[in-house]
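Residues per chain are reported as follows:
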Amino acid sequence: MTTAPLLLLEDLEFRWPGQTEACLDIPALRLEAGEQVFLHGASGSGKSTLLNLVAGVLAPTRGRVEVLGQVLGELSAADRDRFRVDHVGLIFQQFNLIPYLSVLDNVLLPCRFSRRRRERAGDARAAAATLLRHLDLAESLWRRPATQLSVGQQQRVAAARALIGRPELLIADEPTSALDAARQEAFLDLLRRECVDSGAALLFVSHHRRLERGFGRALAMAELNRAPAEAA
Amino acid sequence: MRALLPLALKSAWNRRYSLGLTLLAVTLSVTLLLGIERLRQDARDGFAQAVSGTDLVVGARGSPLQLLLYSVFRMGEASHNLGWDSARALAAHPAVAWTIPLSLGDSHRGYPVLGTTSAYFEHFRFGDRQPLAFAAGQPFAGLFEVVLGAEVARKLGYRPGERITLSHGMGGEGLAEHGDKPFTVVGILAPTGTPVDRTLHIGLEALEAIHLDWQGGAPIPGLNIPPELVKKFDLTPKSVTAVLVGLKSRAAVFAMQRHVADYRDEPLMAVLPGVALSQLWELLGVAEGVLRAVSALAVAAGLAGLVAVVLASLDQRRRELAILRANGARPRDIFLLLALEGGAVTLAGALLGLTLRTVLVLGLGPWVQAEYGLVLRADWPGSGELYALGGVLLAGLLASLLPGWRAYRLSLADGMTPRL
C-alpha cells in the first residue's frame, strides 16, 4: 500500500458565484507528508481562495481537493468542518486569537472541537505548555487574556494552537507580515522546527520571496494558477 | 454543546456591561409582569376569601354586585334596606340553617361599624371555611359593647376595656358623634386578611339604641335619652342592610333564590356570592387586560433590547466567530453560541424577575396589607405566573434565534476570513 499524498489538487477550478471568469485554475498540486512548501503569491493572486479550498471552506467549481486521501467534495459541510479541525492547523496574518480567552485557552481551542486533536495531544494542557515553552512564551503570560500580548507573541500563540494535537497539515497565511524583519526570521525558524518535531507538513504562503530560504520547495501562484491574476 | 458552554460564558463575561444592562431590562420587565399577575391573582383571591360558606346574600332589590360590595366588602353604601320582618321570615324558612343580619352606616375613625348578632361570630366563615377567632376577649353580650377587627385594634392601639365613641355616617372627619353613648371594647378578632379586620362589630340593638334620639341623620333637638334609660325602649331594629343566609342544603339555593325574589311584602333579591364576584371580575376584566398588555409590552421591549444588543455585538464578533470556525466550530455551533446567549439572558432575567418579585412582595406585603387591605402572598408562582414565565422564556428563545440565524449566515459567508 502506497501512502496517499498529504494534499492533492487535480484540475482545480474556482469561480465566484455570478462571475464568468475563473479566479483559480490549477492543473495539479501535490504535497507529501511532512513536506515544507513555500508558496509565493502577491495579493490578489488567489492564494486566500486556494487556502479556503484546501481547508474545505469553499468548494471548487471543478476538479478535486484531496487531503490524506479524502476527497473533500465527498464530505458534507459539517464533516468537512470536522475533517479540517482534525487534520489541519491554521495561522492567519493577524487577529488569530479570541480576545476574551486566556493564552492557554486559545491554544486549547482545537481540542475543544476535535476529539482526534484532543486524543493526539495526550494531556492537552501539558501539550499546550510544551508548545508554548518551545515557542518562547513565558509561563507568566499563559493566564493572561490574549489581547495583552504583543503581535509577535500572539502569532506564536497562534502557531502553538495550530500545532496542538499534531494535525498533519499546517497552513500559514502570511503569518509574519505583521512582524518586523528580524522577528520574521526567528518566528519562521521556530515554526519550521516545531513542524518537523510534530511531523506536520507546512504550507507557508507569503508575498515575501526572501522568506523562502530554508523551505524544501518553493512554488509561485503565478506559475500554479492559469487563471488571469486580476480575476482573483 | 459541552465545548460551547464555557466559550459562551467567557464571551458573555467579556461583554458583561451591555449584557448586564440588558439583563436588568429583562429582569425588571419580568418583575412587572409577575408583580401585576400576583397583584391580580391575590386581589381576586382576597375578594373570594372574604366570604365563604354563605349560600345567599339577601338585600333590597337592586344591583347584585352593589349588594355584595357593601354587605361583604364595606364598599359604598346601601340605598335601600330590607325590613326586619322580612329578615325574620327568612330566618324562619325551613330550608334556612342560619342567618346573619348586617346593618351598616356608622363608622369609627374611618372604619365601618357593623351592627349584627351573635350569629355572626358563630356562622360567619372566610377563606377556606375558617371561622372567626378571637385574639382577645369574647363576643359582645351587653348593649354598649364592641368587638374590633384585628386591623382596627392594631392601627388605633385599642385593647379590651377601652371606651370608644362611634360617629354617625361613613367617611372621614366632621361627622356627628354618638358621644353620649360610649362603647366598651370586649373582644378583638384574630387577623383574617379580609374586610372583617377593618370592621367594628356591635349588636343590632346597640345600633338601634344610639339612634333612638336621632332622626334624619341628626340628633333630635331637645331630646336626649341617656344610656341608662335606653333599655326602657323597644330596641328591635326596623330594618337591616342585608342578611347572609346559610342553607341546610346547597341544593336548595336556586329554589331559595326564587323564593326571595317572589317575596310579596317588599322587593328583595338573593345573590349567590360567587355569581356576583364573577360579575365583578367581568367589570374589572378590562382594567386587568390593560395592565397585562402594558406589562407584556414591557417584556417585549426588554426582549427587543436583548436582541438588539446581541445583534449589535455580532458585527464586532465576526472576527471571533471566524477564528472559532477556523478552529473547528461548525456554523451550527456558531448558531448555538448566539442563540444560547440570548436564551441564557432570558432565563436569567426570568429567574431574577421571579426572585425580585418575591423580595418585593415580602418587603412591601405588610405595607400593602395595612394600606389597602390586600394580602400579597410570596409563595410559589401560581398557574397564571407560570404561564407568564413560560411565555417570556418562549418569546426570549424565539427572539434569540434571530441573532443565531444571522451569525450562522455570516459564518457561512465569511468562512475563516471575515470580510470586514
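Parameters and conventions
- Residues numbered from 1 in each chain as written.
- Chains lettered and ligands numbered in written order.
- Predicted model: local features only at pLDDT ≥ 70, side-chain atom pairs only at ≥ 80, totals over all residues.
- Heavy atoms only, no water.
- Helix = DSSP H or I, 4+ residues; strand = E, 2+ residues; numbered from the N terminus.
- Buried < 20%, exposed > 50% of the residue type's maximum accessible area, 1.4 Å probe, protein only.
- Contact = heavy atoms within 4.5 Å.
- Areas by Shrake-Rupley, 256 points an atom, 1.4 Å probe, with all protein chains shown as cover.
- Lys, Arg positive; Asp, Glu negative; His and termini not counted.
- Charge placed at Lys NZ, Arg CZ, Asp CG, Glu CD.
- Buried area = accessible area lost by both parts, 1.4 Å probe.
- Salt bridge = Lys/Arg side-chain N within 4 Å of Asp/Glu carboxyl O.
- Polar contact = N/O pair within 3.5 Å; in protein donor to acceptor, adjacent residues only side chain to side chain.
- Nonpolar A, V, L, I, M, F, W, Y, C, P; charged D, E, K, R; others polar.
- Pairing = 2+ DSSP bridges.
- Axes fitted to C-alpha atoms, helices over the stretch in contact; angles between N-to-C directions.
- Domains from an automatic or database assignment.

1. Quick notes on the overall build of chain B
Moving on, step 1. The helix and strand inventory of chain B stands at twelve helices and 16 strands.
Moving on, step 2. C-alpha extents for chain B along the principal axes are approximately 105 × 45 × 35 Å.
Moving on, step 3. Each of the 420 residues in chain B was classed as buried or not, and the buried ones make up 48%.
Moving on, step 4. Taking as baseline every contact in chain B between residues at least 6 positions apart, the subset at least 24 positions apart corresponds to 78%.
Moving on, step 5. About 19,700 Å² of surface is accessible on chain B, with carbon and sulfur atoms providing 61% of the total.
Moving on, step 6. For chain B, the distance from the average site of its 38 positive side-chain charges to the average site of its 34 negative ones is 15 Å.

2. With respect to the interface of chain A and chain B
Moving on, step 1. Counting residues at the interface gives 22 residues for chain A, matched by 22 residues for chain B.
Moving on, step 2. Roughly 2,200 Å² of surface becomes buried between chain A and chain B when both sides are summed, with 63% attributable to carbon and sulfur atoms.
Moving on, step 3. In this assembly, chain A and chain B are joined by two salt bridges.
Moving on, step 4. Note that Asp105 of chain A and Lys10 of chain B form a salt bridge whose closest N and O atoms lie 2.7 Å from each other.
Moving on, step 5. The interface formed by chain A and chain B contains five residue pairs in polar contact (both at pLDDT 80 or more).
Moving on, step 6. Broken down by secondary-structure element, the contributors of at least two residues to the side of chain A that touches chain B are α2 (77-87) and α3 (103-113) of chain A.
Moving on, step 7. By residue class, the composition of the side of chain A that touches chain B is 14 nonpolar, two polar and six charged.

3. Structural notes on the pattern of salt bridges
Residue and element names in this part refer to chain A.
Moving on, step 1. The final tally for this structure, using the stated rule, is 35 salt bridges over all chains.
Moving on, step 2. With its nearest N and O atoms 3.9 Å apart, the salt bridge here joins Asp25 to Arg62. A residue pair is termed long-range when its members are at least 10 positions apart, and Asp25 in strand β2 (residues 24-31) and Arg62 in strand β4 (residues 62-67) qualify at 37 residues.
Moving on, step 3. On the basis of relative accessibility, which here comes to 36%, the residue Arg62 falls in the partly exposed class.
Moving on, step 4. Here Arg217 makes a salt bridge to Glu35, at a shortest N to O gap of 2.8 Å. Taken together, the residues Arg217 in strand β9 (residues 217-220) and Glu35 in the loop between β2 and β3 (36-40) connect sequence positions 182 residues apart.

4. Some points on the sheet that holds strand β6 (residues 88-91) of chain A
Residue and element names in this part refer to chain A.
Moving on, step 1. Taken in spatial order, the five strands line up as β6-β7-β8-β3-β9 in an open sheet, and their pairing is parallel. The open sheet has two free edges, formed respectively by β6 and β9, since each of these has just one partner strand. Strand-to-strand, the axes of this sheet are offset by a mean angle of 15°, without reference to chain direction.
Moving on, step 2. Contacts from helix α1 (residues 47-54) reach β3, β7 (169-173) and β8 (201-206) within the one sheet, and its direction differs from that of β7 by about 155°.
Moving on, step 3. Along the sheet, α2 makes contact with β6 and β7, crossing β6 at roughly 80°.

5. Considerations on the domain arrangement of chain B
The accessible area lost on association of the parts is a frequent measure of interface size.
All names here are of chain B.
Moving on, step 1. Each domain of chain B was delimited in the assignment, giving domain 1 (4-47 + 284-414) and domain 2 (56-271).
Moving on, step 2. Using only C-alpha atoms to locate each centre, domain 1 and domain 2 end up separated by 50 Å.
Moving on, step 3. With five residues of domain 1 at the contact, the number on the domain 2 side is seven residues.
Moving on, step 4. Together, the buried faces of domain 1 and domain 2 total about 510 Å²; carbon and sulfur atoms form 56% of this surface.
Moving on, step 5. Applying the counting rule to domain 1 against domain 2 returns zero salt bridges.
Moving on, step 6. Counting across the interface, domain 1 meets domain 2 through zero residue pairs in polar contact (both at pLDDT 80 or more).
Moving on, step 7. Tallied by class, residues from the side of domain 1 that touches domain 2 come to three nonpolar, two polar and no charged.

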